[in-house]
Amino acid sequence: EHANKVKKSTKKTSKIDIKKLKQDVDQAEARLNKLEDMRSQIDKKLGDRDLYLNGAEDRLKKLQDKRDELEEALSRATSLWEKAFDILEKAKNG
């Protein structure tokens, strides 16, 4: 009887663990989406013709630097999402 209780508690823990792993994946995905939105906003600003015509080199440099930072953050966030997803899939599949 004790062995059955242990098996049940292991299954509950497993479901809790999978739920937590799913939350990790969801959080990583939300972070990716936010970073992609930020990159799109910067790309839109960089696509503004006036930015290049009005001698706004300082603003242009800041936008380009920010976009570079976002690309690095996106790379890290993608890697974290992939790891979280892989861990979740392994947990689901035993």
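Small disclaimer: the values here were computed from a predicted structure and weren't measured. (Residues numbered from 1 in each chain as written. Predicted model: local features only at pLDDT ≥ 70, side-chain atom pairs only at ≥ 80, totals over all residues. Heavy atoms only, no water.)

Draft legend 1. Focus on the pattern of salt bridges. Per the counting criterion, the structure on display carries 8 salt bridges. Where K22 meets D26, a salt bridge forms, and the shortest distance between an N and an O atom there is 2.9 Å. On the criterion of helical spacing, the pair formed by K22 and D26 is a turn pair, its members being 4 residues apart in helix α1 (residues 2–46). Linking E71 and R39 is a salt bridge whose minimum nitrogen-to-oxygen distance equals 2.9 Å. With E71 in helix α3 (residues 57–92) and R39 in helix α1, this residue pair connects regions lying 32 residues apart in the sequence. You can call E71 partly exposed: its relative accessible area is 29%. Via salt bridges that share partners, R39, D43, R67 and E71 belong to a single interconnected network. (Salt bridge = Lys/Arg side-chain N within 4 Å of Asp/Glu carboxyl O. Helix = DSSP H or I, 4+ residues; strand = E, 2+ residues; numbered from the N terminus. Buried < 20%, exposed > 50% of the residue type's maximum accessible area, 1.4 Å probe, protein only.)

Draft legend 2. Representation of the nonpolar core. Grouped together as the largest cluster of nonpolar side chains are 11 residues: L32, L35, I42, L46, L51, L60, L63, L70, A73, L74 and A77. For this core, the secondary-structure elements that each account for two or more residues are α1 and α3. Tallying contributions element by element places α3 first for this core, with 6 residues. In this structure L51 touches K45, L46, A56, R59, L60 and L63, once residues within four positions along its chain are discounted. (Core = buried A, V, L, I, M, F, W, Y, C linked by side-chain atoms within 4.5 Å. Contact = heavy atoms within 4.5 Å.)

Draft legend 3. Structural view of α3. If you check α3, its first and last C-alpha atoms are 52 Å apart, about what 36 residues at 1.5 Å a residue would give, namely 52 Å. Looking at α3, one finds that the buried residues are L60, L63, L70, A73, L74, A77, A84 and L88. Remark: G94 follows α3 within two positions and exhibits a positive phi of approximately 95°. (Expected span 1.5 Å × (residues − 1).)

Draft legend 4. Structural detail: the packing of aromatic side chains. For the structure on display, the rule yields 1 aromatic pair. Consider the rings of W81 and F85, whose centres lie 5.3 Å apart with planes at 20°: the pair is stacked. Separated by 4 residues within a single helix, W81 and F85 lie in helix α3, roughly one turn from each other. For W81, a relative accessible area of 24% gives the class partly exposed. (Phe/Tyr/Trp six-rings, centres within 6.5 Å; stacked < 30°, edge-to-face > 60°.)

Draft legend 5. Local environment of the environment of L80. Structurally, L80 can be placed in helix α3. Counting along the chain gives 56 residues from L80 to D24, while the straight-line C-alpha distance between them is 9.4 Å.

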